[in-house]
Amino acid sequence: MNALRFYFILSFLSIIIQGKGQQVPTSPINPNIKGQLSGMLTDSTTRQPVPFATVALLTATGTIITGQTTTETGHFTFTGLAIGTYGVQISYVGYQPRTLIGITISARQPKRDLGTILLRSESRQLNEVRVTTQKALIEEKPDRLVYNAGSDITNKGGTAVDVLRKAPMLTVDVSGNVQIRGSSSIKVLLNGRPSGLLARNLSEALKMIPANTIQSVEVITSPAARYDAEGAGGVINIITKKQLKGSNGSLDVTAGNYVQSLGGSYGFKHEKFGLTFSGNTNAEREKSIIETTRMSLVNGQPAGELFQRISANNIHPGWFGDLSMEYAFDTLNRVNLSVSSWGGAWPTSNTGYYRFRNSENQISQEYNQVVDQQNPFGNIEWNLGYTRTFHKPKQELSVLGQYSYTFDNSRYAIDQLSLTDQPIYRETSTNRSHNPQWTWQIDYVHPFSRNGQQVFEVGAKMVRRDVSSTYEVYTSQPENIALLPLSADRSNTFTYDQQVAAGYVSLKLSNRTHWTLQLGTRLENTIMSGQFVHTISPFRVQFNNFIPSVILSKQLTEQQSVKVTYTQRISRPMIWDLNPYVNASDPKNRMAGNPQLRPELAHVAEISYSLTTKKGTYLNLALYRRQTDNSIEDVRTVDTSGVSLTTRQNVARNERTGLNVNASGQLGQNWKLNGGGEFYYAHFSSPALQVQNSGWLWQFTLNLAYQLPRQFTVQANGIYSTGWVLLQGKNSAWYDYSLAVRKEFWDKKASLTLGVNNPFTYPFRQQNDSQASTFWAHTTNQYFTRSVKLTFSWQFGQIRASHDEPIRKITNDDARTK
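Fair warning: this is a prediction, and the values are worked out from it, not measured in the lab.

1. Quick word on the sheet that holds strand β2 (residues 54-59)
Part 1 of the argument: Overall, antiparallel pairing links the four strands, which are arranged β3-β2-β5-β6 in an open sheet. A single partner strand is all that each edge strand has here, and the edge strands are β3 (64-69) and β6 (98-105). Taken over all neighbouring pairs, the strand axes of this sheet differ in orientation by 25 degrees on average, direction set aside.
Part 2 of the argument: In this sheet, strand β5 (residues 84-91) lies alongside β2 in antiparallel orientation, the contact comprising six bridges. Paired with Leu 58 across the bridge in β5 is Gly 87.

And the structure:
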């Protein structure tokens, strides 16, 4: 795309040079009459608009008068024309040039609309692609902000966690937990489609995706009606790098003390058929030390004190592969098939020291502990889609289907030892889970006008999930540590079914005064049911959600715009929230699901202002308000023996009001910078728990890049946050920074990137204070994140310009990510 824009700039400059000094012909009849000439450029195959094409206005003899480029919707308009005869000359890389002559502007017909002008693709080999310009790191689209990760060299050799940490409106802490404006109830898509892996454990799954493969990240805080209503915070769409026409590929190799990876891709695309494959394998190290002091309370009085120190040093291996095929029967009908698979493990083994003092301040328990915990997983997903386009631009019908299967197992073994290394307790547990899922979807887009300013959308969707979890716990007996009988009261089989049926309609209207209104509504019906083999009663819940969405925008000037949005979002509890299985891999800190959970509902409103100067400086201000009723929050209780149990409950109201600021620009010819910040007030209230917590907080990010001679580039990135507020506590401030140097060679087809993360911080410390009626606790987390990595990247093969529209696939936004 950068090469195409460079071609456009050269074409546009040539038009200006050729047209310099030329005058628009004046009318000998009535010089006061001014005419207008307009039209729209469309791809002859896909019937999609052709943006950024060069259109030159000609005299009757073929002399260039002036020129311009088409808008994002493919439109061009020449105004202030005198009566006379004109022509237009159209050019754009990858298309055959066109020239139209004999276009008359008369007193009777001063305004001429040429309608839709079809451009045919030109099969021209590009043996070499030289990237001379880069996209801005932050771009604004009508309904989202886009972070162009491909333009950020500090991402080389990293993972998707590093990429999301730099995206606007997102917060990613040291552990990799992702939030949009403080909400972890979000939906993350990969190329517009869901992933069972991302839905299960986002922070760990993101570590498997290499940053080298990510082209951009789209942040959608007020999704339109076509998106599933799931995700109170919004939607994140990770876009990976695409293959162009021809035969080409890439190879990326990273070596470092905390991350190693090997990945590549290969694509072949010619005429009607296209095939692409990409794969990656990686391993990331995670090292930490956590110290906690926690006091148990009874009627506000101390009832015991627990101190624990846990050290972890794990390597997380993972891999993924994706195979995509596409076939075009003709210019209007296409089918696509893709198969993707993920796999790996999330070991969380650790060693620890525990000491518990009773209410009389005497040591009643003191021991060391070794935990071996493994989480092997696997996922395979099939997508099949059919797309029918029409001669009318933007008119489209798509029918999509998806099947995915995920197994997600976990097991742990605990060995508690006295201070003299004598075994005193053992426990093992297994949890085998699988999740098959079917999805069907149909969407239709109907434009009422050829310029695409009036559009109607309608669609329907059905999702069926059948999940099961079989968990068993074995515990030792005091008289025989080696014997581990089954603990029947902590073992069970849980099956969970979920059906979601949805339909939506959306209408987009624009007028000549640059007002745009998009109205939409979505109706979702959800049925959830769960059964247990013994002890626990089954449940069945059915509910409907009517989700409105309103987006009103106004283009004030060519450089300024304002936008007001309102929508509602829901978050359904998933199996890992509902499953009552107690994970006691840390016996003093247990976690369990809650089968009584119900969905939460969020109201989201936003008003934003955007400015783009002629020099390319960009500024976006967004004031927002989010209110979540029946909010699902983590709730911890502690008993007198110092054992805590954390479950999720619908016990709170979560409110957040804030201001986002994002900006980008260029200082001189070689300096580029972008950054952003957020200032907000968060408030939690729970009448059921008689708890309130609130606070004013802020965070700031900054990216700097400098282009050196001899194809060297230096880039730095940093983020600082004052922490965040939780229902039962607050985290202290945290920060992260990185520096990278890249050298390009082999005609910019290969590069070496040396990156350093947090070079002056070892380790990074973060504090957490929490309290409730049954406890207060102070935790110090030490994260070892200082790292160095070296990445070799190579692009090979020949490519041709491609103007194909993106492949349509299922997007299950309703599978909430936590």
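2. Let's talk about the nonpolar core
Nonpolar side chains tend toward joint burial in soluble globular proteins.
Part 1 of the argument: Among the nonpolar cores identified, the biggest contains 31 residues, and Leu 164, Ile 214, Val 217, Ile 236 and Ile 238 are the most heavily contacted of them.
Part 2 of the argument: Those elements giving two or more residues to this core turn out to be β10 (144-147), α2 (160-164), β11 (170-172), β12 (178-180), β13 (186-190), β14 (214-220), β15 (234-240) and β35 (618-638).
Part 3 of the argument: Tallying contributions element by element places α2 first for this core, with four residues.
Part 4 of the argument: The contacts of Ile 236, once residues within four sequence positions are left out, are Leu 164, Leu 170, Val 178, Ile 180, Ile 186, Lys 187, Val 188, Leu 189, Val 217 and Glu 218.
Part 5 of the argument: Counting residues in hydrophobic clusters, the runner-up holds 21 residues, among them Leu 41, Tyr 92, Ile 105 and Ile 117.

3. Points about unusual backbone geometry
Part 1 of the argument: The peptide bond linking Tyr 762 to Pro 763 adopts the cis configuration, its omega dihedral lying at -10 degrees.
Part 2 of the argument: Here Pro 763 lies in the loop between β43 (750-757) and β44 (764-772).
Part 3 of the argument: Of note in this structure, Asn 299 is not a glycine but carries a positive phi near 55 degrees.
Part 4 of the argument: Along the chain, Asn 299 falls in the loop between β18 (273-298) and β19 (301-328).
Part 5 of the argument: Its relative accessible area of 75% is what places Asn 299 among the exposed residues.
Part 6 of the argument: Of note, Asp 421 is a non-glycine position whose phi angle comes to about 70 degrees, a positive value.
Part 7 of the argument: Tracing the sequence through the fold places Asp 421 in the loop between β25 (410-417) and β26 (423-447).
Part 8 of the argument: Judged by its relative accessible area of 54%, Asp 421 is exposed.

4. Focus: the side chain of Asn 492
Part 1 of the argument: Note on placement: Asn 492 falls in strand β28 (residues 492-510).
Part 2 of the argument: One polar contact links the side chain of Asn 492 to the main-chain amide nitrogen of Val 533, over a distance of 3.3 Å.
Part 3 of the argument: Apart from residues lying up to four places away in sequence, Asn 492 is in contact with Ser 469, Thr 470, Tyr 471, Phe 532, Val 533, His 534 and Ile 536.

5. Side note on the side chain of Asn 620
Part 1 of the argument: Mapping Asn 620 onto the fold places it in strand β35.
Part 2 of the argument: Side-chain polar atoms of Asn 620 contact the side chain of Ser 610, separated by 2.9 Å.
Part 3 of the argument: When near neighbours in sequence (up to four residues on either side) are disregarded, Asn 620 contacts Glu 140, Leu 145, Ser 608, Tyr 609, Ser 610, Asn 660, Val 661 and Asn 662.

6. Let's talk about the packing of aromatic side chains
Part 1 of the argument: As enumerated under the stated definition, the model contains 23 aromatic pairs in all.
Part 2 of the argument: Ring pairing ties together the aromatic residues Phe 745, Trp 746, Phe 792, Trp 794 and Phe 796, which thus form one cluster.
Part 3 of the argument: The cationic tip of Arg 656 hangs over the ring face of Tyr 680; the distance from NZ or CZ to the ring centre is 3.4 Å.

What counts and how
- Residues numbered from 1 in each chain as written.
- Predicted model: local features only at pLDDT ≥ 70, side-chain atom pairs only at ≥ 80, totals over all residues.
- Heavy atoms only, no water.
- Pairing = 2+ DSSP bridges.
- Helix = DSSP H or I, 4+ residues; strand = E, 2+ residues; numbered from the N terminus.
- Axes fitted to C-alpha atoms, helices over the stretch in contact; angles between N-to-C directions.
- Core = buried A, V, L, I, M, F, W, Y, C linked by side-chain atoms within 4.5 Å.
- Buried < 20%, exposed > 50% of the residue type's maximum accessible area, 1.4 Å probe, protein only.
- Contact = heavy atoms within 4.5 Å.
- Polar contact = N/O pair within 3.5 Å; in protein donor to acceptor, adjacent residues only side chain to side chain.
- Phe/Tyr/Trp six-rings, centres within 6.5 Å; stacked < 30°, edge-to-face > 60°.
- Lys NZ or Arg CZ within 6 Å of the ring centre and 35° of its normal.

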